[in-house]
Amino acid sequence: MMMMAVMMMVVVAVPQVLTKAPAMLRPARHPLGSTVGHVVEQHLAGCHLVAATWHRHSLGLDNVLSSLDSFQVARIVLDASILASPHAAANTTTSVTAASSAATGERAASPQLWRRVMDGQGRNCRAVILDVTDYSSSSSSSSWLPSSPPPPPLLSSSSSPPPSSFSSSSSSFNTSSLSANVAYSSTSVSKIDQLMSFLHLYLWPATRVVALGSHQAAEPVLASHALRNTAHALFLAPSTTKCGREGRCVMLLSRCMYCYPGGVPGVRVSPMWQAEQALPSHLQLFPGGFEDMSGHSVRVVAKTLFPFMEFERHDPAPGAPVTPMDSLDVRMLDTVAEILNFTYVVRPPKDEQWGTKVDGVWTGMVGTLEAEEADVSMMLFWSFARKQVIDFTRIYTNEPFVMITRKPRPLPQHLALVRPFSDIVWTAVLFSTMLAGGALWALQKTWASFSGGHAPSLSTSLLHTWGMLLEDPPVKTPSNTTGQMLVGWWWLFCLLLTASYRSSLIAHLSVPTTPPPIDTLKQLLSVPGATWGIEPGFGLGWDWFKLNQNPEVQAMFRTLQVMDMADQMPQVLKGRHAFFTWKYYIKTIVASRYTNLQGVTPIHMGLEEFVPGSTGWGVRKGLPFLPPMDRIHDRLVEAGLVNHWLDELFETAMKKARKEAAAAQEEAERKGEKVDTSLLSDDESGKREQLVLTLNHLQGAFYLLLLGVGVACLLLVGENVLARSFPSQSAASRDLPVHKHLSKPTNILKL
């Protein structure tokens, strides 16, 4: 007998009134025990086993456990009444002693153990053995029934009706058997659903379920709503037909999820075999994944966000079906649907929201998936809070959360003459000029004191250095070598400085200077009177503002303007307004609506990305075909098709927008109408004509001329006032003879 690395957990759901079955009514052995042993040995080797029953005295389960003892399978008994208790989560040390013959003296595990078992991290597979022999209506198993009343429901939502489209593939066991056992089903399905819902099997679609009981219980169990996501479910039932002289036969019925036309679930009946014999080697009890869903209709919920998702509405009613249009998610969905062979119907969420938590209830697409009103959502951003209620496919692209603002307008041209140099450079030039003039005067004066020559005045030396800076050197240079050396080096410095200034001035006159754009949140908050807004939809971007712990972001949230994009963009174009949105979505909008034919736009996208925007598809919890869908997504990403499709969609949208803009411009010119270029200023129009300097470019030079004339006039007035107030000092300063009898300025002209 082969050894298996298996641990087994036995879940016992204890009724309110416990009775012990008389020993004389217990059969010595049951054919299901050895059959389950063969199933475990041949198909569940290495799996973690969980055996579940409603009562402690299940003789059918006792036979199963006895047959598994030969495989040396370790097991733990878990009392379901403890797990169902509202105090179970707080009491982690609670344990009970199971009273069944298979588990006498074994301690029950804590609720945390059950969670670790079903989480299944690091395990290849999980399997659940469901004992429903209690509900058998056959005479051979009537002694297994407990006399206790049924337990109360464990979950209020656990008893949902089975799908009406459930089908069967056998003439000996078909849908007509359900109508023949209506009374039986009405009393048994509820308890079976309670047990499987209590185990939360819908959260683990890959769990292999093996149920054992009478054949009347097969269809209610396999059609149970609690198994709506379970990919592999078997039912073993003893048959009244004998195999051979003394052998007993076992019926094997399996549930298939999408094996019938239209992708409806059904039941397959395998040939009966003798309980004591091993299963045929060619028999596949647990086939592979969902490579063919037989045209199953998948419910899709989506919102428009180009280039990811676009659709056309035909019915204004909330949640009405829509027609998908060419977009990234539609291309991916068509590819997945073709490979897995399913159809789909796309509907928008009834409240037209992405999904946020309001008073403990999820809205939008997330709420639709949580309520299982849809199977898959198109493009949806990952978040930890959303992951608690729904699942996601793998990330196939990123859509960062950014802000857009208006590009800064050009600075006024009257300061163009001083912009080539920074303030520090201008200060250094002024200081160097004064220092060079002072040094020239000091050297000349020192030389004159030794040689007895004539030394120029300080003002003359300063004017000489200033003239060389303005490319107007003095005619007479110093006669001594020291002065000539200083003047030569100063002249070289002036040549380099003026060449740099001239080239930079040409650039500033040709291309208007603009201040740096707003790239970060800190820069936005430093703008006086700035406002900000976001589109309605209340998705991940709204949650970033709402749940952010940054005090500055919290203050921004209180004044956040929630408006449609059509209302946000005019505010952006006016300036001092930031629109927070998604990168590729707004990139397409700006390129198609706010960019001229030369590719120039007044809109700037900030460099800071506030939310990575990891993008996947949302799916309801326990979606059975999530693994094959993830594999297809992996192949699309690794093959580069996702990026290729994104680029292709962008290029197509740009060509279409520019073609429409060109056609509109030609139509306007043909009608003699003025083309609307109000979005762009003259400096942003993108014209590539030859630049001609205008008065606007050279206004700085004229302002400088006016400033010089004004200063000269002020000096003239000052000199006249000084001459009238101190005539003797004024004449002496000009080396003119002073005549006591001349008091008027006209008398001076006679000298």
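Residues numbered from 1 in each chain as written. Predicted model: local features only at pLDDT ≥ 70, side-chain atom pairs only at ≥ 80, totals over all residues. Heavy atoms only, no water.

For the rest of this paragraph, the subject is the overall build of the protein chain. A count of helical and extended segments in the protein chain gives 23 helices and 24 strands. The buried share of the protein chain, taken over its 751 residues, is 45%. Considering only intrachain contacts with a sequence separation of at least 6, the fraction spanning at least 24 residues in the protein chain is 75%. Entry remark: accessible area of the protein chain is about 39000 Å², with carbon and sulfur atoms responsible for 58%. (Helix = DSSP H or I, 4+ residues; strand = E, 2+ residues; numbered from the N terminus. Buried < 20%, exposed > 50% of the residue type's maximum accessible area, 1.4 Å probe, protein only. Contact = heavy atoms within 4.5 Å. Areas by Shrake-Rupley, 256 points an atom, 1.4 Å probe, with all protein chains shown as cover.)

In spatial order, the strands read β21-β20-β22-β19-β23; together these 5 strands make up an open sheet with mixed pairing. The sheet is open, and its two edges are formed by β21 (561-562) and β23 (603-605), each paired on a single side. Across 4 bridges, strand β19 (residues 401-406) lies against strand β22 (residues 577-582) in antiparallel orientation. From the neighbouring strand, Ile404 faces β22, where its bridge partner is Phe579. Running at roughly 140 degrees to β22, helix α17 (residues 565-574) makes contact with β19, β20 (531-534), β21, β22 and β23 of the sheet. (Pairing = 2+ DSSP bridges. Axes fitted to C-alpha atoms, helices over the stretch in contact; angles between N-to-C directions.)

In a regular helix each residue adds 1.5 Å, so 30 residues correspond to 44 Å; helix α13 (residues 481-510) covers 44 Å between its end C-alpha atoms and thus fits that length. The set of residues buried in α13 consists of Gly483, Val487, Trp490, Cys494, Leu497, Thr498, Ser504, Leu505, His508 and Leu509. In this structure, the buried side of α13 is in contact with α11 (423-451) and α12 (458-469). (Expected span 1.5 Å × (residues − 1).)

So, about the packing of aromatic side chains. Considering all chains together, one arrives at 19 aromatic pairs under this definition. Here the aromatic cluster, defined as three or more aromatic residues joined through ring pairs, consists of Phe381, Phe401, Trp544, Phe545, Phe580, Trp582 and Phe610. A cation sits over an aromatic face here: Arg228 above Tyr202, 4.5 Å from the ring centre. (Phe/Tyr/Trp six-rings, centres within 6.5 Å; stacked < 30°, edge-to-face > 60°. Lys NZ or Arg CZ within 6 Å of the ring centre and 35° of its normal.)

This part covers the pattern of salt bridges. Under the definition given, this model contains 13 salt bridges. Residue Arg502 is joined to Glu471 by a salt bridge in which the shortest nitrogen-to-oxygen separation is 2.7 Å. Here the residue Arg502 occupies a position in helix α13, and Glu471 occupies one in the loop between α12 and α13, the gap between them amounting to 31 residues. Each of Arg299, Asp375 and Arg620 takes part in salt bridges that share partners, so that together they form one network. (Salt bridge = Lys/Arg side-chain N within 4 Å of Asp/Glu carboxyl O.)

This part is about the environment of Leu195. Position of Leu195 among the secondary structure elements: in helix α6 (residues 182-198). Using a relative accessible area of 1% as the deciding quantity, one classes Leu195 as buried. For the pair Leu195 and Ala226, spaced 31 residues apart in the sequence, the C-alpha separation amounts to 8.8 Å.

Next up on the list: unusual backbone geometry. Across residues other than glycine, the phi torsion is negative in most instances, and most of the peptide bonds are trans. Look at the link from Phe306 to Pro307: it is a cis peptide, with omega at 10 degrees. The topology assignment puts Pro307 in the loop between β10 (296-301) and β11 (311-313). Notably, Arg576 is not glycine yet its phi reads approximately 65 degrees, a positive angle. Structurally, the position occupied by Arg576 is in the loop between α17 and β22. Its relative accessible area of 51% is what places Arg576 among the exposed residues.

Under the defined criterion, the tally for this structure stands at 1 disulfide. Here Cys256 engages in a disulfide with Cys259; their sulfurs sit 1.7 Å apart. (Disulfide = S-S within 2.5 Å.)

Counting residues in each nonpolar core, the largest one holds 86 residues, and the members touching the most others are Leu524 and Phe580. For this core, the leading source of residues is helix α8 (residues 328-340), giving 7 residues. Setting aside residues no more than four positions away along its own chain, Leu524 makes contact with Met403, Ile518, Ala530, Trp532, Met556, Ala578 and Phe580. (Core = buried A, V, L, I, M, F, W, Y, C linked by side-chain atoms within 4.5 Å.)

To continue, consider the environment of Ile586. Within the secondary structure layout, Ile586 lies in helix α18 (residues 583-593). Taking the C-alpha atoms as reference points, Ile586 and Met403, separated by 183 residues in sequence, lie 9.4 Å from one another. Ignoring anything within four residues of it in the chain, the contact list for Ile586 reads Ile404, Met565, Met569, Phe579, Thr581 and Met605.

Bringing empty space enclosed by the protein into the picture now. Rolled over the atoms, a probe sized like a water molecule indicates the empty space that remains. Here the structure, examined in full by the defined rule, presents 2 cavities of 30 Å³ or more. Taken together, Ala436, Leu440, Thr465, Met468, Leu486, Val487 and Trp490 make up the lining of the second largest cavity. Going through the elements one at a time, α11, α12 and α13 are the ones with two or more residues in the lining of the second largest cavity. Sort the elements by how many residues they give to the lining of the second largest cavity and α13 lands first, with 3 residues. (1 Å grid on protein atoms, 1.4 Å probe; cavity = no way out; pocket = protein on both sides within 12 Å on 5 of 7 lines; lining within 4 Å. Points joined across faces, edges and corners; volume = space filled by probe spheres on them.)

Next up on the list: a nonpolar patch on the surface. On the surface, Met485, Trp489, Leu492, Leu495 and Leu496 cluster together into a nonpolar patch covering about 540 Å² of accessible area. By the secondary structure assignment, Met485 is in helix α13. (Patch = residues over 30% accessible without salt bridge, like charges linked within 9 Å, V, L, I, M, F, W, Y side chains within 5 Å.)

We now examine the pairing of strand β2 (residues 48-53). Among the 6 residues that make up β2, 6 are buried, leaving the element largely enclosed by the rest of the structure. Burial of the side chains of β2 extends over both faces: His48, Val50 and Ala52 are buried on one face and Leu49, Ala51 and Thr53 on the other. As paired elements, β2 and strand β4 (residues 126-131) share 5 bridges and run parallel to each other. The residue bridging His48 from the neighbouring strand is Arg126, located in β4.

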